[in-house]
Amino acid sequence: MLLPPLHERIALLDSLLSQEDSLTKGQRMLLNVIVKSLEDHQTLASLLSDDLCDCSDALENSLIESLMKTLLLNRTKHTMLQLSHLTQSASPEVHNEDAPAECTSSLHRLLYSLHCHLLSHCARCMEGELATPSCVLLLSRHVTLMLSHDWMNIK
């Protein structure tokens, strides 16, 4: 199957996830295909190329940050829905009411992989650098967002 280049897949994934509640069946299938195509660690590592050590590629940096934020919001929404289902029923049941739930674990793994690769990339960039690389700023903003008590209201 032919897939668009990596940067286009990332932008498309970000777009599809941000409108997940209104996706058609075809768009959901495309979402699953794109998520599966990003499970390869080498693919994610290539996204965090050495260009991220300097500020030269702000667009790529912005794309990665936007995707990580969208994934984080998506994971939180699904977690809150699952917690709501558990608290509303006396006996916990498995709820599978929407098609995007198929790739829920894949999205979680993708966010986890992005975290791992970004942290590794930051460590590599920090070796011997006097200035703070842009990847460290990206990681710092993302961790702040994750730990913020009001981050679900951030758009």
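Residues numbered from 1 in each chain as written. Predicted model: local features only at pLDDT ≥ 70, side-chain atom pairs only at ≥ 80, totals over all residues. Heavy atoms only, no water.

Participant: Please set out helix H6 (residues 134-147) residue by residue, giving values where relevant.
Facilitator: In a regular helix each residue adds 1.5 Å, so 14 residues correspond to 20 Å; H6 covers 20 Å between its end C-alpha atoms and thus fits that length. Along H6, the residues that are buried comprise Ser-134, Cys-135, Leu-138, Leu-139, His-142 and Leu-145. All buried residues of H6 project into a common sector of 140° when viewed along the axis, lining one side. Those residues of H6 that are exposed and angled more than 90 degrees off the buried face are Thr-144 and Leu-147. (Helix = DSSP H or I, 4+ residues; strand = E, 2+ residues; numbered from the N terminus. Expected span 1.5 Å × (residues − 1). Buried < 20%, exposed > 50% of the residue type's maximum accessible area, 1.4 Å probe, protein only. Arc of directions from axis to C-beta.)

Participant: Outline the side chain of Ser-37, listing residues and values.
Facilitator: With respect to the element layout, Ser-37 can be found in helix H2 (residues 25-37). Residue Ser-37 is classed as buried on the basis of its relative accessible area, which comes to 16%. A polar contact of 3.0 Å, which involves the side chain of Ser-37, links it to the side chain of Arg-9. Beyond its immediate sequence surroundings of up to four residues, Ser-37 is in contact with Leu-3, Arg-9 and Thr-43. (Polar contact = N/O pair within 3.5 Å; in protein donor to acceptor, adjacent residues only side chain to side chain. Contact = heavy atoms within 4.5 Å.)

Participant: Break down the side chain of Asn-74 for me, citing the residues and quoting the values.
Facilitator: Residue placement: Asn-74 occurs in helix H4 (residues 58-88). Look past the residues within four positions of Asn-74 in its chain and what remains in contact with it is Leu-17, Glu-20 and Leu-107.

Participant: Help me get a handle on a nonpolar patch on the surface, residues and values and all.
Facilitator: Side chains of Met-80, Leu-83 and Leu-86 sit close together on the surface and give an oily, nonpolar patch of about 280 Å² of accessible area. Position of Leu-86 among the secondary structure elements: in helix H4. Among the residues examined, Leu-86 registers a relative accessible area of 42% and is labelled partly exposed. (Patch = residues over 30% accessible without salt bridge, like charges linked within 9 Å, V, L, I, M, F, W, Y side chains within 5 Å. Areas by Shrake-Rupley, 256 points an atom, 1.4 Å probe, with all protein chains shown as cover. Salt bridge = Lys/Arg side-chain N within 4 Å of Asp/Glu carboxyl O.)

Participant: Could you give me a rundown of the state of the cysteines, with the residues and numbers involved?
Facilitator: Counting across every chain of the model gives zero disulfides. You can see Cys-122 has no disulfide; the closest cysteine sulfur is in Cys-135, sitting 3.5 Å from it. (Disulfide = S-S within 2.5 Å.)

Participant: Report on the packing of helix H5 (residues 104-126) against H6, specifying residues and quantitative values.
Facilitator: Contact pair H5 / H6: the axes reach a minimum separation of 9 Å and the direction vectors enclose 140°. It follows that H5 is oblique to H6 by the angle criterion. Between H5 and H6 the crossing geometry is left-handed. Of the residues in H6, those in contact with Leu-111, His-115, Leu-118, Leu-119, His-121, Cys-122, Cys-125 and Met-126 of H5 are Cys-135, Val-136, Leu-138, Leu-139, His-142 and Met-146. Of the residues contributing to the contact of H5 with H6, the split by class is eleven nonpolar, three polar and no charged. (Axes fitted to C-alpha atoms, helices over the stretch in contact; angles between N-to-C directions. Parallel < 35°, antiparallel > 145°, perpendicular 65-115°, else oblique. Left-handed = near helix turned anticlockwise from the far one by under 90°. Nonpolar A, V, L, I, M, F, W, Y, C, P; charged D, E, K, R; others polar.)

So yeah, pure geometry; function would need other evidence.
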